[in-house]
Amino acid sequence: MSPVLLYLSFLLFALGVLVVLTKRDAIVVLLGIELILSAAILNAIHFNQQFPDRMDGQLFALFIIVIAVCEAVVGMSIIIRVYRYYHTAVPDQINELNER
Amino acid sequence: MEVNGLILLLPLAASILMVTFPVNRFPFGGLALSVTLAAFLLTWVVDPGSLQANWLQSGNFNLPLLFSIHDLRLIRLIIGISGLVQFYSLFYLSSSANHRSYFSLLCFFTFAMLGLATSTHLLVTFVFWELVGYTSYRLIGFDTTTSSTSAALKALLINKVGDVCFLIGILMLASTGLLSTSNLAPGSAGTLPLLLIFVGVVAKSAQAPLFPWLTAAMAGPTPVSALLHSATMVAAGVLVLLRLVPLLNDTVSTVISFTGGVTLLLGGLLAIFSYDIKRILAYSTISQLGLMVLAIGTGAHASGYLHLQTHAIFKAGLFLCAGVFIHHGVISGHANPNDIRHFSNPNGWLKWSWVILSGSLVGLPLTAGFLSKEAILHDMMTFSASLSLFVWASIPLTALYVGRVSYFLVVKKTESSPLHALLLPALLLSLVSVTWFVAAITTEAPTGWVSIIISQTLVIAGLFAGFRLARISFAEKSWHTNLGLDGLYDKKMPQLATAWGRAGIAVDRQIIDRLVHAWAYITVLFAHLTSWFDRAIVDLTLVGGSAWVVRFTGQIVRVPMSGKVQGYLLWALFSLFLFLVLWLLL
Amino acid sequence: MQEAYSISEVKGGLAYLLPELTLTAGILLIIIAGIIWHNKSRLWEISITLFVITVLMAGVLIVYDWPQNSIRLFFGFIQQTDFAAYFKLLVLTGCALTAGMSRKKSVEHPAEYFTLVLSVALGSTLFITSNHAVMFLLSLELISLPSYMLTALGRGKGGAEAGLKYFLFGSTVTAVMIFGWSLLYSATGTFDFTSSAFIDQLTQNAEPTAYLASALIIAGLLFKVSAVPFHLWAPDTYQAASAAIAAFFSTVPKLAGLAVLAKILLAFHLFGQSPVPFAAIVGVLSMASITLGNVGALRQKHAKRLMAYSSIAQAGFLLLALVPFDQSGLHALQFYSAVYLVMNFATFYVIGQFEHHQNVQTVEDFSGQAGASWALALVITTGLIALIGLPPTGGFMAKLFLFSSLWSSTSVSPTLRLVFLILGLLNTVVALFYYLKIPYYLFVKNRQNTPNRLPWELQGVLSVLLALALLVAFVLPGLLMGWINKTTFVL
């Protein structure tokens, strides 16, 4: 197990969270989510090397890719629908439902 | 890298190149054509052999890419017909159409079809099978009109039914380790997986009762119809079936034979009643595919395979001829250019290539169709005389509809417009058909003079009956198209479901409504009692207490609820973080 | 120990998966119906018929094939237990009730609508039985993605906005959870979270990564049950969704999430050997949920938003049932879940009908509406009394079982136990204020108002039946509890 890959995955995770929280555009937020997922994929494949006789880590990674694709598809379609009403994809400007 | 692989990779590379090409105005057709030609020429250079590469290897799981480049004739056929279709499309396609995606799709289709035809590992076959399905979906829906889009969807959906069964069948075979088709032991697989795979074949090769997609698929451009319904897409099912021949047991063979036989006669019957040239050819394809499936089911797989190849040539040619007729009709401004009654014959060459190609379809001598049809007939007579009745019945039937169509196309007077480039591929194909006969008659000559004489008599009688039939005009009835199966899918099933819904509503009205009225009485009574109770209690507690509590606590929760989703996330993740920190500290 | 991967295992497992297969078939049929028919009204009739048939069939199959003991299927991906079967039945009941509540007019695309609801049902049933991280995540996504789409398909602008918020919030939390799973894999070397290898590994090498990972995974599940601090999506989503969908979201995914949370927490708890005080943590989370939910609900004017906060608070109570970490706590959870399903639907049914016929949106709009339908006014009052936890409703019995199992448990220190108990009871009092606002406006305010009478419909009948069920659950709790007592929880 090389710690470098572990650091890399944590870095990816942190970057992903940062992107999700700070970027203005919903599509970029979506990219941030993908970054977090790629951190998870990296982890799964990396840790699988400890157990060469099994491949559940790789299996997991494959399924995460599938999940990421599905999420991206649904997300893009929702963003398009929002854009039709608001003419923007900036979450900060889409706040008609709130406590006030 | 071996040279063999290039045959597969060239079309793929061309397709990718076209999609990623930076310039929009570029002779994409020329590029596609030259690449296909190069691949075609390459088939004469290579030595037959196998290709192997590792695709996936993980743990003890191993998925090899296995291709067998042995049957060069089939490969040449696929590449050759693709090339002719590309050439034809150059002139057929309007200049406003999206050439880039059209030709890249054609190239990709060639690649997928070649992969399907050569792969010897069933999982790999399935991948190409899906690629073929996807590309055909894109091609059928290429004119993005409503009708062609829905036709594409129909083709995709019906094929998906087959695909799912096919995949399940493959997985069941996998558990017995029979994935590589090069070392199949006879009778070692069960019946169920083979039947499931056969469902996939039924859908892909448009056998009864899953054939309606093929007639709907005629909404695509005519060259695409020629490509899909001749050598390629529909042949995919037959090719897979041919691979599995060693595994077939009696039950499966019987199912296969009867499906094929029924399809053979059904397709022929339906072709008699239509006036739409593309539809007639589609029914004819369905019928001929039925013949191949029937041949495979009865054990005459060698002659079935031969028929697959000759059929590819003459059916592609017939479609390309039909395309010329339609093209001519469009130019002269007919409202319904597909209707054979309106056809006029632009050129004498066209007439002769039609005659040769349709002669090949009915199996007249001097054409390639004669070889394969008589071979099937002969083999069937030896293997199963009773099942050969299907074939005997189909011979005059085929001649009947061919005669009827030819009456409209050939007997009419011929205009003498100049030889158009569109005609060349059809001419070439009819030439190939004749040459094949001449070249093979000495080596692959059919035996059994009696059956040849009887069948030829039947053909000629059928043709003449067809000429007579052409003069009788009849209205097209609903069952003439797809045997009313469309009606079943689109009308009867909704009626059934609505009837079910109505019954539910009736129960609702008759029984539930009455219960409701009874209940209403009771509740009103109860309501008067409780309303008094509520007034007394609720007035006391609510009015005094709630206002104060609301004002006091409301601000606490209000802070994070700004309506901005990233704000929500920040609060949520921050509290998680806080929680973790506290956890570590405590 | 890894089982050998073989197709016969898959084939054998399919026999135990009939309800799920039925649901899948139903989904496909409705999709096909949506392709074939274009007339909206007819499509509606066909889809709802298919939907109801599918759900009923699946329910019947579950009851018919009630698992007598725990069965591991598909190399440990799925584990069928009677505990899971019970929750599956609850989930399907929720779906059937949602269908009964849906209205033709407020659904723009019937086939898509029912497909998505049925997909959530399928996801939930698989989620409840999932036993392996891959199955867990796939079924979780099968719940989440259709939920996002259902929200976004809701009415106009609000629906789109709520859909986006729900999606961004949900997929971020899910991504974080997936990261948690990948970390947990490093600590345990297996994704099968009920296997002995998993528990052994967690017991032997207690690393910080394992704790971090379990926190991230629990966070993802808290989002599903909309508990604090991952509750923020709920109010916006419920407000924009139709009453049927709001009721659906507040029950089906929540109960599924809860069943899995119970399973996962028991695994993390390591039979009490874990150095992390999971019982106390869950207790604190539950208190936070109840309090924040109640306090938030106090100032709400919009009826469905109020119900959103109510569902956050109820999630807290449901979490409280996990604190004892024993059989009686889980039985209380099962009872509370069933009663919660009924009382929540009873309330939403009435809200939906008033919203549809009298255009009631805010709590104040209810004023003087009792005259429109005395029966419905009584039903919603019964439902809200049950949500508070007062007699003579099943809600009272549910809270009684809950607190008594908490009191007799030994998983947390007596002081903490007392604190939880007092806070929980205090919150019940707070809940009185906002829940009774609706009956107050209905019966007391603006009594001169003579509203149009509501027509009697199927919805009305069902809501009355639900209210009756609540009363029965108070009088004869043994009917349900006797059944629940037969189920045993096995890890």
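Located above this text is the structure these notes cover.
Rules of the game
Residues numbered from 1 in each chain as written. Chains lettered and ligands numbered in written order. Predicted model: local features only at pLDDT ≥ 70, side-chain atom pairs only at ≥ 80, totals over all residues. Heavy atoms only, no water. Helix = DSSP H or I, 4+ residues; strand = E, 2+ residues; numbered from the N terminus. Buried < 20%, exposed > 50% of the residue type's maximum accessible area, 1.4 Å probe, protein only. Contact = heavy atoms within 4.5 Å. Areas by Shrake-Rupley, 256 points an atom, 1.4 Å probe, with all protein chains shown as cover. Axes fitted to C-alpha atoms, helices over the stretch in contact; angles between N-to-C directions. Parallel < 35°, antiparallel > 145°, perpendicular 65-115°, else oblique. Left-handed = near helix turned anticlockwise from the far one by under 90°. Nonpolar A, V, L, I, M, F, W, Y, C, P; charged D, E, K, R; others polar. Patch = residues over 30% accessible without salt bridge, like charges linked within 9 Å, V, L, I, M, F, W, Y side chains within 5 Å. Salt bridge = Lys/Arg side-chain N within 4 Å of Asp/Glu carboxyl O. 1 Å grid on protein atoms, 1.4 Å probe; cavity = no way out; pocket = protein on both sides within 12 Å on 5 of 7 lines; lining within 4 Å. Points joined across faces, edges and corners; volume = space filled by probe spheres on them. Buried area = accessible area lost by both parts, 1.4 Å probe. Polar contact = N/O pair within 3.5 Å; in protein donor to acceptor, adjacent residues only side chain to side chain. Expected span 1.5 Å × (residues − 1).

**Considerations on the overall build of chain A**
Next up, step 1: Along chain A, the regular secondary structure elements total three helices and zero strands.
Next up, step 2: For chain A, the sequential pattern of α-helices and β-strands runs α-α-α.
Next up, step 3: Residues classed as buried in chain A amount to 46% of the 100 residues present.
Next up, step 4: Of the contacts formed within chain A by residues at least 6 apart in sequence, a portion of 54% connects residues at least 24 apart.
Next up, step 5: Carbon and sulfur atoms form 70% of the exposed surface of chain A, whose accessible area is close to 5000 Å².

**A look at the packing of helix α2 (residues 28-45) of chain B against helix α3 (residues 72-92) of chain B**
All names here are of chain B.
Next up, step 1: One can describe the packing of α2 onto α3 by two numbers: an axis separation of 9 Å at closest approach and a directional angle of 160 degrees. Looking at the two axes, α2 sits roughly antiparallel to α3. Crossing handedness for the pair α2 and α3: left-handed. Residues Gly29, Gly30, Ala32, Leu33, Thr36, Ala39, Phe40, Thr43 and Trp44 of α2 touch α3, and the partners they reach there are Leu72, Ile75, Arg76, Ile79, Gly80, Ser82, Gly83, Gln86, Phe87 and Leu90.
Next up, step 2: A per-class count over the contact of α2 with α3 returns 10 nonpolar, eight polar and one charged.

**Thoughts on a nonpolar patch on the surface**
Next up, step 1: On the surface, a nonpolar cluster with roughly 600 Å² of combined accessible area is contributed by B:Phe574, B:Phe577, B:Leu578, B:Val581, B:Leu582 and B:Leu585.
Next up, step 2: Among the structural elements, B:Phe574 can be located in helix α20 (residues 565-585).

**Considerations on empty space enclosed by the protein**
Residue and element names in this part refer to chain C.
Next up, step 1: Using the criterion set out here, one finds nine cavities of 30 Å³ or more in the structure.
Next up, step 2: In this structure, the largest cavity encloses a volume near 160 Å³.
Next up, step 3: As for the largest cavity, its lining consists of Ser106, Val107, Glu108, His109, Tyr113, Leu150, Leu153, Gly154, Arg155, Ala241, Ser242 and Ile245.
Next up, step 4: Its residues assigned to classes, the lining of the largest cavity comprises six nonpolar, four polar and two charged.
Next up, step 5: Considered as a void within the structure, the second largest cavity measures approximately 90 Å³ in volume.
Next up, step 6: What lines the second largest cavity is a set of 11 residues, and nearest its centre among them are Leu202, Ala210, Tyr211, Phe268 and Ser274.
Next up, step 7: Considering every element that reaches the lining of the second largest cavity, the biggest residue donor is helix α9 (residues 208-224), with three residues.
Next up, step 8: Classifying every residue of the lining of the second largest cavity by side-chain character gives nine nonpolar, two polar and no charged.

**Quick look at the interface of chain A and chain C**
Next up, step 1: The partner chain C presents 47 residues to the 43 residues of chain A that form the contact.
Next up, step 2: Roughly 4000 Å² is buried in total at the junction of chain A and chain C, and carbon and sulfur atoms are behind 74% of that figure.
Next up, step 3: The interface formed by chain A and chain C includes zero salt bridges.
Next up, step 4: Across the contact surface, chain A and chain C share seven residue pairs in polar contact (both at pLDDT 80 or more).
Next up, step 5: Those elements that provide at least two residues to the side of chain A that touches chain C are α1 (3-22), α2 (26-48) and α3 (56-86) of chain A.
Next up, step 6: In terms of residue count, α3(A) provides more of the side of chain A that touches chain C than any other element does, 17 residues in total.
Next up, step 7: Broken down by class, the residue content of the side of chain A that touches chain C amounts to 29 nonpolar, eight polar and six charged.

**Here's the deal with the packing of helix α15 (residues 368-383) of chain B against helix α18 (residues 449-471) of chain B**
All names here are of chain B.
Next up, step 1: In the contact formed by α15 and α18, the axes pass within 10 Å of each other and the chain directions differ by 120 degrees. Classified by the angle between their axes, α15 and α18 sit oblique to one another. Like other packed secondary-structure pairs, α15 and α18 cross with a definite hand, here right-handed. Facing α15, whose interface residues are Phe370, Glu374 and Leu377, α18 presents Ser451, Ile452, Ser455 and Gln456.
Next up, step 2: Class assignment of the residues belonging to the contact of α15 with α18 gives a composition of three nonpolar, three polar and one charged.

**A short note on the environment of C:Gln68**
Residue and element names in this part refer to chain C.
Next up, step 1: Mapping Gln68 onto the fold places it in the loop between α3 (40-64) and β1 (71-73).
Next up, step 2: Assessed through its relative accessible area of 68%, Gln68 is described here as exposed.
Next up, step 3: Spatially, the C-alpha atoms of Gln68 and Thr81 are 7.6 Å apart, while their sequence positions differ by 13 residues.

**Section: helix α17 (residues 414-435) of chain C**
Next up, step 1: With 22 residues, α17(C) should reach 32 Å at 1.5 Å per residue; the first-to-last C-alpha distance of 31 Å fits that figure.
Next up, step 2: Within the sequence span of α17(C), burial applies to C:Arg417, C:Phe420, C:Leu421, C:Gly424, C:Asn427, C:Thr428, C:Ala431, C:Phe433, C:Tyr434 and C:Tyr435.

**Comments concerning the environment of C:Thr410**
Residue and element names in this part refer to chain C.
Next up, step 1: Mapped onto the elements, Thr410 comes out in the loop between α16 (394-407) and α17.
Next up, step 2: Given a relative accessible area of 76%, Thr410 falls into the exposed group.
Next up, step 3: C-alpha separation for the pair Thr410 and Asp326, spaced 84 residues apart in sequence, amounts to 9.1 Å.

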